[in-house]
Amino acid sequence: MDYALARAKMIESQIRPNGVTDERVIAAMATLPREDFVPPAQRVLAYMDEDIAIGTIQPDGSGRYLIEPMTFARLAQLLDLNPGHKILDVGCGTGYSTAVFATLGNNVIGLESDPALANKARQALARLGLANLTVVTGEFAEGYPAEAPFDAICVNGSIPEPPLALLAQLKNPGRLAAVVGRYEVGQVAIFTRDGGFSLRYAFDASVPRLPGFDSDKAPFHFERPKL
């Protein structure tokens, strides 16, 4: 398979037509070998507009996936990153999202709960020679307080409600992007910390549930602070 051609087609058919205008994000995704971050048997799917299973999948469909390129690109763009920003990449899986953020010139901590996936991420990232990143293991919902605060946090999957522990690890100012919702289709939410917290919903998205976030509690309602 001609992966370079597939990568170019991904950019022109999935990324650019769906509102991604940040040329730095586009350039990173046009350069990085996404096929190196999926299981060998699924490399033919690396540039398709679908989520790719990279780990154990539960009967309800939750589990570990590499989320589709278009949704990830739009998440990355909404974070409005600048070189030198410190990023927490929650649910980094095999490391593709971490590689994109590092290629943008950010200092990245990839957080992964599955030690086997974390090892795969380290191996794939080492082959690329990227030095401005590290992959750690831990519970997603807890974030990584040892290295907080972060300029930006990206959550690679759908979660049922605003992630309060992660929001507390944002710098002031800082941004967090996640797909939030309790049903098949959620909304991409941008949480901004700038004095207080504010929330903006950017677009609807259907991505697999990221394990480790409590979905049994009553829905949490995020209110914009009064001025």
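Scroll up for the structure.
Residues numbered from 1 in each chain as written. Predicted model: local features only at pLDDT ≥ 70, side-chain atom pairs only at ≥ 80, totals over all residues. Heavy atoms only, no water.

A short note on unusual backbone geometry
With glycine set apart, most residues show a phi of negative sign, and most peptide bonds adopt trans.
No. 1: With an omega of 5 degrees, the peptide bond between Ala148 and Pro149 qualifies as cis.
No. 2: For Pro149, the position within the fold is in the loop between strand E5 (133-137) and strand E6 (150-159).
No. 3: Put simply, Asn172 and Pro173 share a cis peptide bond, and its omega is 10 degrees.
No. 4: Here Pro173 lies in strand E7 (residues 170-180).
No. 5: Of note in this structure, Asp80 is not a glycine but carries a positive phi near 55 degrees.
No. 6: Locating Asp80 in the fold gives a position in the loop between helix H3 (69-78) and strand E3 (86-90). (Helix = DSSP H or I, 4+ residues; strand = E, 2+ residues; numbered from the N terminus.)

Focus: the pattern of salt bridges
No. 1: For the coordinates displayed, the defined rule picks out eight salt bridges.
No. 2: The closest approach of N and O atoms between Arg16 and Glu12, which form a salt bridge, is 3.3 Å.
No. 3: Overall, the relative accessible area of 51% leaves Glu12 in the exposed class.
No. 4: The salt bridge partner of Arg64 is Glu112, with a shortest N-O separation of 2.3 Å. Residue Arg64 is located in strand E2 (residues 63-66), and its partner Glu112 is located in strand E4 (residues 107-112); the two are separated by 48 residues in the primary sequence.
No. 5: Residue classification places Arg64 among the buried residues on the basis of a relative accessible area of 5%.
No. 6: Where salt bridges share partners, they join Glu12, Arg16 and Glu23 into one cluster. (Salt bridge = Lys/Arg side-chain N within 4 Å of Asp/Glu carboxyl O. Buried < 20%, exposed > 50% of the residue type's maximum accessible area, 1.4 Å probe, protein only.)

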